[in-house]
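# Architecture and fold: a report
Each chain, written out:
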Amino acid sequence: MTEVAEAAGARPCHAASGLSKREKSRSLLAACLAHALHDGYTDALYAFLPVWQAQFGLSYAMLAVVRALYFGTMGGLQIPADRALRNWSPRAALILSTAAAAAGLLLMALPFGFAGLCVGLVVAGIGSSIQHPRGSMLVVANYGTASRQPLGIYNFSGDLGKAALPAAVALLLPILAWQSVLGLMAGLGAVIVAALAMLTPPAAAANNVVEAATPGRGGGGFRILTTIGALDTATRMGYLLFLPFLIHGQGGGLQAVGAALALLFIGGAFGKAACAWLGERLGVVGTVIITEAVTALLIVATLFTPLPLTFVLLPLLGIVLNGTSSVLYGTVPELSSGDTGRAFAVFYTSVICAGGLAPILYGTIADHSSRTVGVLASSATAALIVPLVLALRPHLRRSH
């Protein structure tokens, strides 16, 4: 059993999990369901902000604090949650994380007023902080060195949740009280908890032993990868900050802004799967160079195109703007120093923090110059990744 456990550690071989192909597929489906739900929860909360502002008489600053109760908890507890649950199987941790997130939403829905809302946001954030590193670890434990493409599918599933759940909430809020909508979301979480228990085989528990570090893994290579992930997220969040204003500047109204965001996100969802497939064939370095170079060029292009042509470019931009992350996530096991669960926690913490800070930075740049300069700064960030990924090449060679 010890040999099996060691092989099933941070970077197992293809058959390390001992599961059949069908069992691996079921486990991947379970991880994807959890990822879709948690990412859907995260983005659906945006739809409640205007309702809470009116309900509790919140200022914009206070509304930002309320939002930070969830997002700050989710981002800040990735590493502590991974450390606390490293003796748990990813299967059990995913069930716990989803149950906690659903319980947080249920607490928000109960008649406990503003205090209950705040406590519920923290509880839901704790649950979601567990999901990313443990869900990724479940995929890696089952697929081993063949995990890059399954991780791309896992990554893609989050975008499906981001598209579906906020849309459903937006449709329900005019019909039902916001507490009832949160109750339905909590009920969906309970259904997913049951699905996770049925889909994920108990054999998935044998994956928590940390593999000994090997030369060329971890250290500088992982730090470079984490920096690339943070810059890639910063580029995406920075551009999203300015996109509605770009569309307005090209003569588009609110409907045009909605259509532009939809086109970008549709392209992004497709890009997660497409770039994971491309990474298997061109390698990490070649794929990231192509996606980041095209991202930088298309961002600049949307500054000068008329609105109809911008609509044509946005799905293409979405593919490369979002797709790179699949390749980066899939490389974490290769460059971890043996403790892949902790590596995923560090990586996710970095990208979540970058996503929170980047709009502030780019917004400040635009405030002191112009919107065009802010957009160009996000484009320059994408271009900066190209030399960084070239510096990553020697570490990838050593890891193989």
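First, a word on scope: everything that follows refers to the structure included in this document.

Reading guide: rules and limits
Residues numbered from 1 in each chain as written. Predicted model: local features only at pLDDT ≥ 70, side-chain atom pairs only at ≥ 80, totals over all residues. Heavy atoms only, no water. Salt bridge = Lys/Arg side-chain N within 4 Å of Asp/Glu carboxyl O. Helix = DSSP H or I, 4+ residues; strand = E, 2+ residues; numbered from the N terminus. Buried < 20%, exposed > 50% of the residue type's maximum accessible area, 1.4 Å probe, protein only. Core = buried A, V, L, I, M, F, W, Y, C linked by side-chain atoms within 4.5 Å. Contact = heavy atoms within 4.5 Å. Axes fitted to C-alpha atoms, helices over the stretch in contact; angles between N-to-C directions. Parallel < 35°, antiparallel > 145°, perpendicular 65-115°, else oblique. Left-handed = near helix turned anticlockwise from the far one by under 90°. Nonpolar A, V, L, I, M, F, W, Y, C, P; charged D, E, K, R; others polar.

### Focus: the pattern of salt bridges
Per the stated rule, a full pass over the model turns up 2 salt bridges. A salt bridge links aspartate 39 to lysine 162, with the shortest nitrogen-to-oxygen separation between them at 4.0 Å. Of the two residues, aspartate 39 is situated in helix α2 (residues 21–56) and lysine 162 in helix α7 (residues 148–172); the sequence distance between them amounts to 123 residues. Looking at aspartate 39, the relative accessible area reads 9%, which means it is buried. Taking the shortest distance from any N to any O, the salt bridge between aspartate 232 and arginine 236 comes out at 3.2 Å. Taken together, the residues aspartate 232 and arginine 236, both in helix α9 (residues 219–249) and 4 residues apart, mark about one turn of the helix. With relative accessibility at 3%, the residue aspartate 232 sits in the buried group.

### Observations regarding the nonpolar core
Grouped together as the largest cluster of nonpolar side chains are 69 residues, with contacts concentrated most on Tyr41, Phe48, Trp52, Leu182 and Met185. Looking at this core element by element, the count peaks at 12 residues for α2. Setting aside residues up to four positions removed in sequence, tyrosine 41 forms contacts with Tyr70, Ala101, Ala102, Leu105, Leu165, Met185, Ala186, Leu188 and Gly189. Residues Leu243, Val257, Leu314 and Ala358 belong to the second largest nonpolar core, which totals 24 residues.

### Re the side chain of threonine 295
Counting through the fold element by element, threonine 295 comes out in helix α10 (residues 254–301). For threonine 295, a relative accessible area of 1% translates into the label buried. Those residues in contact with threonine 295 that lie beyond four places of it in its chain are Thr235, Leu317, Val320, Leu321 and Ala382.

### Observations regarding the packing of helix α6 (residues 113–143) against α7
Where α6 meets α7, the closest approach of the two axes is 9 Å, and the angle between their N-to-C directions is 150°. Overall, the two elements α6 and α7 adopt an arrangement that is roughly antiparallel. α7 is crossed by α6, and the crossing has right-handed handedness. In contact with Gln131, His132, Gly135, Ser136, Val139, Val140 and Tyr143 of α6, α7 contributes Pro150, Leu151 and Tyr154. Broken down by class, the residue content of the contact of α6 with α7 amounts to 6 nonpolar, 4 polar and no charged.

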